[in-house]
Protein chains: 2
Amino acid sequence: MLKLTKKADYGLMALKYLAEHPETTALSAKEVADAYGIPAQLLAKILQLLTKNGLLRSHAGMNGGYALARDAREISAYEVIHAIDGPFFITSCTKGAKSCELTPSCTIKEPLARVNDTIAGVLKSISIHDLAEFEQPVGRAREANRLVSLTL
Amino acid sequence: MLKLTKKADYGLMALKYLAEHPETTALSAKEVADAYGIPAQLLAKILQLLTKNGLLRSHAGMNGGYALARDAREISAYEVIHAIDGPFFITSCTKGAKSCELTPSCTIKEPLARVNDTIAGVLKSISIHDLAEFEQPVGRAREANRLVSLTL
DNA sequence: TGAAATCCCGACAGAAATGGTCGTATACTG
DNA sequence: CAGTATACGACCATTTCTGTCGGGATTTCA
Ligand code: FES
Ligand code: FES
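Keep in mind the model is a prediction, meaning the values are calculated, not measured. (Residues numbered from 1 in each chain as written. Chains lettered and ligands numbered in written order. Predicted model: local features only at pLDDT ≥ 70, side-chain atom pairs only at ≥ 80, totals over all residues. Heavy atoms only, no water.)

Visitor: Tell me about the overall build of chain A, and please be specific about residues and values.
Guide: Check the secondary structure of chain A and you find six helices and three strands. Along chain A, helices and strands appear, N-terminal first, in the series α-α-α-β-β-α-α-α-β. Counting the 152 residues in chain A, one finds 48% classified as buried. Long-range contacts, defined as pairs at least 24 residues apart, comprise 61% of the intrachain contacts of chain A with a sequence gap of at least 6. (Helix = DSSP H or I, 4+ residues; strand = E, 2+ residues; numbered from the N terminus. Buried < 20%, exposed > 50% of the residue type's maximum accessible area, 1.4 Å probe, protein only. Contact = heavy atoms within 4.5 Å.)

Visitor: Requested: an account of the protein's contact with DNA strand C, with residues and values cited.
Guide: The full set close to DNA strand C counts 26 residues, and Lys6(A), Lys45(A), Ala29(B), Ser58(B) and Tyr66(B) are the nearest of them. For DNA strand C, the fraction of protein-proximal atoms (within 4 Å) that sit in sugar or phosphate groups is 70%. Within the backbone of Ala29(B), one N or O atom sits 2.9 Å away from a phosphate oxygen of DNA strand C. Within the side chain of Ser58(B), an N or O atom sits 2.6 Å from a phosphate oxygen of DNA strand C. Every element with two or more residues in the surface near DNA strand C is listed here: α1 (6-20) and α3 (40-52) of chain A together with α3 (40-52), β1 (56-59) and β2 (65-68) of chain B. When the residues that make up the surface near DNA strand C are grouped by side-chain class, the tally is 10 nonpolar, 12 polar and four charged. (Near = heavy atom within 4 Å. Polar contact = N/O pair within 3.5 Å; in protein donor to acceptor, adjacent residues only side chain to side chain. Nonpolar A, V, L, I, M, F, W, Y, C, P; charged D, E, K, R; others polar.)

Visitor: Before we move on, could you go through the pairing of β2(B) and cite the residues and values that matter?
Guide: Residues and elements named next belong to chain B. Examined bridge by bridge, β1 and β2 share four bridges and lie antiparallel to one another. Looking at β2, one finds that Arg-57 is bridged to Ala-67. Taken together, β1 and the strand that follows it, β2, pair antiparallel across an intervening segment of five residues, in which Gly-61 is found at a positive phi of about 90 degrees. (Pairing = 2+ DSSP bridges.)

Visitor: Help me get a handle on the environment of Ser76(B), residues and values and all.
Guide: All names here are of chain B. Looking at the secondary structure, you find Ser-76 in the loop between β2 and α4 (77-85). With 35 residues separating them along the chain, Ser-76 and Gln-41 place their C-alpha atoms 24 Å apart. Once residues within four sequence positions are removed from consideration, Ser-76 is found in contact with Leu-123, Lys-124, Ile-126 and Ser-127.

Visitor: For the pattern of salt bridges, give the residues involved together with the corresponding values.
Guide: Residue and element names in this part refer to chain A. Here the structure, examined in full by the defined rule, presents eight salt bridges over all chains. When the shortest N-O distance is used, the salt bridge between Asp-34 and Lys-30 registers 2.8 Å. A residue pair is termed a helical-turn pair when its members lie 3 or 4 positions apart in one helix, as Asp-34 and Lys-30 do in helix α2 (residues 29-36) at four residues. Accessibility expressed as a relative area gives 48% for Asp-34, which makes it partly exposed. Overall, the relative accessible area of 53% leaves Lys-30 in the exposed class. Between Arg-73 and Asp-71 there is a salt bridge; the shortest N-O distance is 3.5 Å. Overall, Arg-73 belongs to the exposed group, its relative accessible area being 53%. The class of Asp-71 is partly exposed, set by a relative accessible area of 42%. (Salt bridge = Lys/Arg side-chain N within 4 Å of Asp/Glu carboxyl O.)

Visitor: I'd love a proper account of the protein's contact with DNA strand D, names of residues and values included.
Guide: Neighbouring DNA strand D are 23 residues; Ala29(A), Ser58(A), Tyr66(A), Lys6(B) and Lys45(B) lie closest to it. Close to the protein, within 4 Å, the atoms of DNA strand D belong to sugar or phosphate groups at a rate of 67%. Within the side chain of Lys45(B), one N or O atom sits 2.8 Å away from a base oxygen of DNA strand D. Listing elements by their share of the surface near DNA strand D, those giving two or more residues are α3, β1 (56-59) and β2 (65-68) of chain A together with α1 (6-20) and α3 of chain B. Its residues assigned to classes, the surface near DNA strand D comprises nine nonpolar, 10 polar and four charged.

Visitor: Outline unusual backbone geometry, listing residues and values.
Guide: Apart from glycine, the bulk of residues carry a negative phi angle, and the bulk of peptide bonds sit in the trans form. A positive phi angle, close to 55 degrees, is found at Asn63(A), a residue other than glycine. With respect to the helices and strands, Asn63(A) occurs in the loop between β1 and β2.

Written out as structure tokens, the structure reads:
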């Protein structure tokens, strides 16, 4: 039904949180989980995934934890979702290597692939920094306006 | 993981099929299901949903079946998905009347709502006619290029 | 009028995805 | 070494999705 999984949601929240605390060198999974009241162990696994995909850098031991691997501007929502939920395709049949048996008959896959690309483009154009900056306490909400093109 | 349900997929296929057969007055659920090799009873239920939501018109009895309620140009992919899967929100918590308990802490909901609107806009800009016309046997593939704006 | 075709609809069972927990191993700090 | 924290795999509970069944209502047609 076209919605983010909770894991992806948690992941985005966590990254945003990290982006908002650049002063600290690293934050533990537990700290972040507590900040939002989400299951610590689950978040831990999510952060591990993000680490494995190069979005975060981890450090074990005391005062260890996670930190963004790059500038918040360089991490897109797309990457986060992709890292957590794997490649997504709007069509139920993945179109990848092994398409579903209906492939020949299903004539809807191709045009929807374009839609898929468009959505991916939207997600790619959003960075963690965008999310973090969204609600400036007083700072002028300088809205960014992007144009995404859909070629059908 | 941001993908259409099979039901929505089936629904789009069926509508496309109906759009491609305007000469016939109506096609039965079984005919359409057989054309694509999808479970007839399941498709029947989907078509019933679409009928209830005003996208199709049904007619019982011999030579009965379903037909588009409007011109294929006037039926958007968004409507189809919405009719079948209900309202979708990219955020896991529906943001509607009763948000989830995390609402105060989850600061990511708002910006993602914009993304949600953008995606909805993309889907709204695609009509069944667009899908049906996609693969013209020889007809020049006149590509439509749309711009969707995302204000963050 | 009766049979056949077809839509209508609610209930339900099986399958799959998702959310979340646990236990243990490993790495770092001091 | 003791404590803190990540890494990772196994596992279960819950929800969502897919598909089936059965009975009922409408329309057509002979
Ligand atoms: S349903 Fe498999 S190719 Fe579209
Ligand atoms: S997780 Fe519920 S408001 Fe975002």
